[in-house]
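Understanding the architecture of this molecule
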Amino acid sequence: MEVHAHLIILGLHQDARLRNLVVNVYSKCRCFGYARKLLDESPEPDLISWSALISGYSQNGLGQEAISAFREMHSLGVKCNEFAFPSVFKACTLTNDFRLGKQVHGTVVVTGFENDEFVLNSMVVLYAKCGEIADSTRIFDAIPRRTVVSWNALLNCYVQRDSFGEAVELFQDMIVSQTQPNEFTLSTMINACTGLEDGRQGRKIHGYLIKLGYDLDLFSANALVDMYAKVGTLKDSVSVFNGIAKADIVSWNAVIAGCSHNGEDVEAVSLFPLMYGEGVGVNQTTLSTVLKSIASLQASHICRQMHALSLKSGFEYNNYIVNGLVDAYGKCGQSEDASRVFKESQTSDLLAFTSMITVYSQDGQGEEALKLYLEMQSQGIKPDAFVYSSLFNACGNSLVNSYAKCGSIDDAERAFREIPERSIVSWSAMIGGMAQHGHGRLALQMFNEMLKEGVAPNHITLVSVLCACNHAGLVTDAKRYFSSMEELFSVQPMEEHYACMIDILGRAGKLDEAMELVNTMPYEANAAVWGALLGAARIHKNVDLGSKAAEMLINLEPEKSGTHILLANIYASAGMWDGVAKIRKVMKDSNVKKEPGMSWMEIKDKVHTFIVGDRSHPRGKEIYAKLEELSEPLRKAGYVPMVETDLHDVEEREKAKLLYHHSEKLAVAFGLIATPPGAPIRVKKNLRICLDCHTAIKLVSKIASREIIVRDINRFHHFRDGLCSCGDYW
């Protein structure tokens, strides 16, 4: 500015050559207001002044301003030359204006500068940074006399786009061409080797630096420290670091991060006070890295010291530091301190919420984790996979249970497998779910997998194991698990274990063994036990056992109609119609109402309910039409109505009609017309599915090529291709 003032005093400010020099200096000093003022005051600003201004804008990262100046220059009829084009291309690179860059490329060709080395180098950078690596390489190949500048331009572009392998190949071509790399080349290649985690190639680059006699500048030294650490040769990383005469904050951060990355957390934490003592300062990278190592070491006392330093250094509201402190306190078992840091920081980004939810999850505070998750959603923060992973730890068991109870056992297993740390509750939920879905052998395989992982079963797990044996008819396995519970797992059999074992024996027809267990067990037989025996009596048509079990059940649960119905079924199957009539009279006299069979399914958030013979549904005509449509294929497939299972005092033809219009059949027919072809049909029923419906739905699953999932009061039935997951054992 002083020099400029002297030029004005001397009357030399109108001299075009001197004016161009002043514009150039102002531009280089970022005094663009003065540079622009001089340009505007010039009667006819020439290419040199415009080039100086455009170059100044580009060199200082003001791409849009450079492009505006170029457009204005072009509108005034001033044409570019080989000195101006590189600055224009750089401006296009800064603003990602690839379209303008291609237009300027055309101008370069028209004006005859397509062979200029500096112009071509700037075009190499433009095309590469705009994602056109092929065009960039083509232009590079067209450079008539490639200098180290040309090679560096393309090498840097490859590295900037993480194309590290291509950068290494190009560097090898450069060596073959006998072009000597300079310090910029080698520092670029160190970054490429870091990206590839290629220590062997990185060591070669280091060798070139030494061989060519280059002094190891701070930038290259820091790159080497980082590279050696990331490829796992920490000793070399520390060696390079120790050779740095005056390490800066980047140097210290690189070596500390290297130690942390390679599991040398004690070393990483020990280096920090040395760094602090050197007075180079700390930044968020330093503190975040050290906090990560503190978390791994679970060093709570050091965590408090770092917390104090973070406050002193003004990082108490820095998201990265807050997250590091939350994580470190959490890993140290100090969830209250972690919560305090989180709340006091008032951070509201995804990472902060994820860190705090993870702490609550690891500390067993599932409810707090879920509350924080809801708060996060209320703030409009979208959760990611990491949040859900942490929530799985908090409520994964509930998710497994929910999927299993909804009939989605595959989804339940996926959720179970994604739980990072599976507890006995997780295993029990999954084993129980498998059992409920009729996958008895898979449930036992999972139980053995649990034992191999060193998780000891509890009494709930063993109930699930016995249920798995029950649903699959694995009597021998059940006996083995039941008899060895106390010896192998230190779990004393409880009432539910006995009830399950009695049910297993009864279903298998081992009625004498079942009664012997009832008489010898250390508990008074409860409703579950007598219910199991009544069910066994129905299956095996044992009137005496059925009568006894029903009598005991009626005394224990007089209000339940199911007992009377089962006993009536036993009498009916034995042809004892007087007994059936007697049961009906008892029910009438006792005012015991038969619980009506009811089936339902949910479609598009609406529940559709059906009872036997129901025609009230809005799509009732379509439902009955579908049943009529299925009747002939069912008959051809071998379906015969099991009229002997119906207790109504009506003609057999009417019984067959009633059976065909049972609630579960109506629900399945509705599912066939209301869901897309191929979609699974999910039906729930409040009672045990009857034998006739079970047989019919097996056949429908094959005829309609549908998976039909029925959840009755006892278990899930997965019907597919004419078969049921229960193996007709339920």
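- Under the annotation held in an unreviewed UniProt entry, the chain carries the name DYW domain-containing protein and is attributed to Linum tenue.
- Here the chain is described in UniProt, under the heading Sequence similarities (unreviewed entry), as follows: "Belongs to the PPR family. PCMP-H subfamily."

Some thoughts on the packing of helix α6 (residues 85-95) against helix α7 (residues 98-111)
- Closest axis-to-axis distance for the α6/α7 pair is 9 Å, and the angle between their directions is 165°. In this view, α6 runs roughly antiparallel relative to α7, as classed from their interaxial angle. Considering the relative orientation of α6 and α7, their crossing is left-handed. Note on element contacts: α7 touches α6 through Leu100, Gly101, Val104, His105, Thr107, Val108 and Thr111, opposite Phe85, Val88, Phe89 and Cys92.
- Of the residues contributing to the contact of α6 with α7, the split by class is seven nonpolar, four polar and no charged.

Remarks on the UniProt feature "repeat: PPR" (unreviewed entry) in the chain
- In the UniProt entry, the feature "repeat: PPR" (unreviewed entry) is given for residues 46-80, 147-181, 248-282, 349-383 and 423-457.
- End C-alpha to end C-alpha, residues 46-80 measures 10 Å, and it is 74% helix and 0% strand.
- In residues 147-181, the share of helix is 74% and the share of strand is 0%. The end C-alpha atoms are 10 Å apart.

Overview of the packing of helix α34 (residues 561-573) against helix α35 (residues 577-589)
- Two numbers describe how α34 lies on α35: the axes approach to 7 Å, and their chain directions differ by 165°. Judged by the angle between their axes, α34 and α35 are roughly antiparallel. Once α34 is placed against α35, the crossing between them reads as left-handed. Contact with α34, carried on its side by Ser561, His564, Ile565, Leu567, Ala568, Tyr571 and Ala572, involves Trp577, Gly579, Val580, Ile583, Val586 and Met587 of α35 and no other residues of that element.

Concerning the nonpolar core
- Core analysis: the biggest nonpolar cluster contains 118 residues, and Phe70, Met73, Phe89, Ile294, Met306, Val326 and Met356 have the highest contact counts within it.
- The contact partners of phenylalanine 89, leaving out residues within four places of it in the chain, are Gly101, Val104, His105, Val108, Val119, Ser122, Met123 and Leu126.
- The next biggest cluster of nonpolar side chains, apart from the first, holds 68 residues, and it includes Val400, Ala536, Ala549 and Ile570.

Topic: unusual backbone geometry
- Phi is positive for asparagine 96, which is not a glycine, with a value near 55°.
- Residue position: asparagine 96 is located in the loop between α6 and α7.
- Positive phi, close to 55°, is recorded for lysine 541, a residue that is not glycine.

Quick notes on helix α39 (residues 691-703)
- The terminal C-alpha atoms of α39, which comprises 13 residues, lie 19 Å apart, in line with the 18 Å expected from a rise of 1.5 Å per residue.
- Residues of α39 that are buried: Asp692, Cys693, His694, Ala696, Ile697, Lys698, Leu699, Val700 and Ser701.
- Downstream of α39 by one or two residues, serine 705 has phi in the positive range, about 55°.

About the criteria used
- Residues take numbers from 1 onward in each chain, read along the sequence in its written order.
- The predicted origin of the model limits local features to residues at a pLDDT of at least 70 and limits the giving and counting of side-chain atom pairs to 80 or more, whereas totals for whole chains, interfaces and linings rest on all residues.
- Note that water and hydrogens are dropped before the side-chain values are worked out from all heavy atoms of the structure.
- UniProt positions are given in the numbering used here, feature names are shortened, and annotations may be inferred rather than shown by experiment.
- Between N-to-C directions, angles span 0 to 180 degrees; the directions come from axes that are lines fitted to C-alpha atoms, helices contributing only their stretch in contact.
- Secondary structure elements are defined from DSSP: runs of H or I of at least 4 residues count as helices, runs of E of at least 2 residues count as strands, and each element is numbered from the N terminus.
- Roughly parallel covers angles under 35 degrees, roughly antiparallel covers those over 145, roughly perpendicular covers 65 to 115, and oblique covers all other angles.
- Crossings are classed by handedness, with left-handed meaning an anticlockwise turn of the near helix from the far one by less than a right angle and right-handed meaning a clockwise turn.
- Contacts are assigned to residue pairs that have any heavy atoms within 4.5 Å of one another.
- In the scheme used here, Gly and all other residues not listed as nonpolar or charged are polar, with Ala, Val, Leu, Ile, Met, Phe, Trp, Tyr, Cys and Pro taken as nonpolar and Asp, Glu, Lys and Arg as charged.
- For our purposes a nonpolar core is just a set of buried Ala, Val, Leu, Ile, Met, Phe, Trp, Tyr and Cys residues, chained together by side-chain atoms within 4.5 Å.
- Exposed residues in this analysis have more than 50% of their type's maximum accessible area, buried residues have under 20%, and partly exposed residues fall in between, with area computed by a 1.4 Å probe over protein chains only.
- To estimate the expected span of a helix, subtract one from its residue number and multiply by 1.5 Å.

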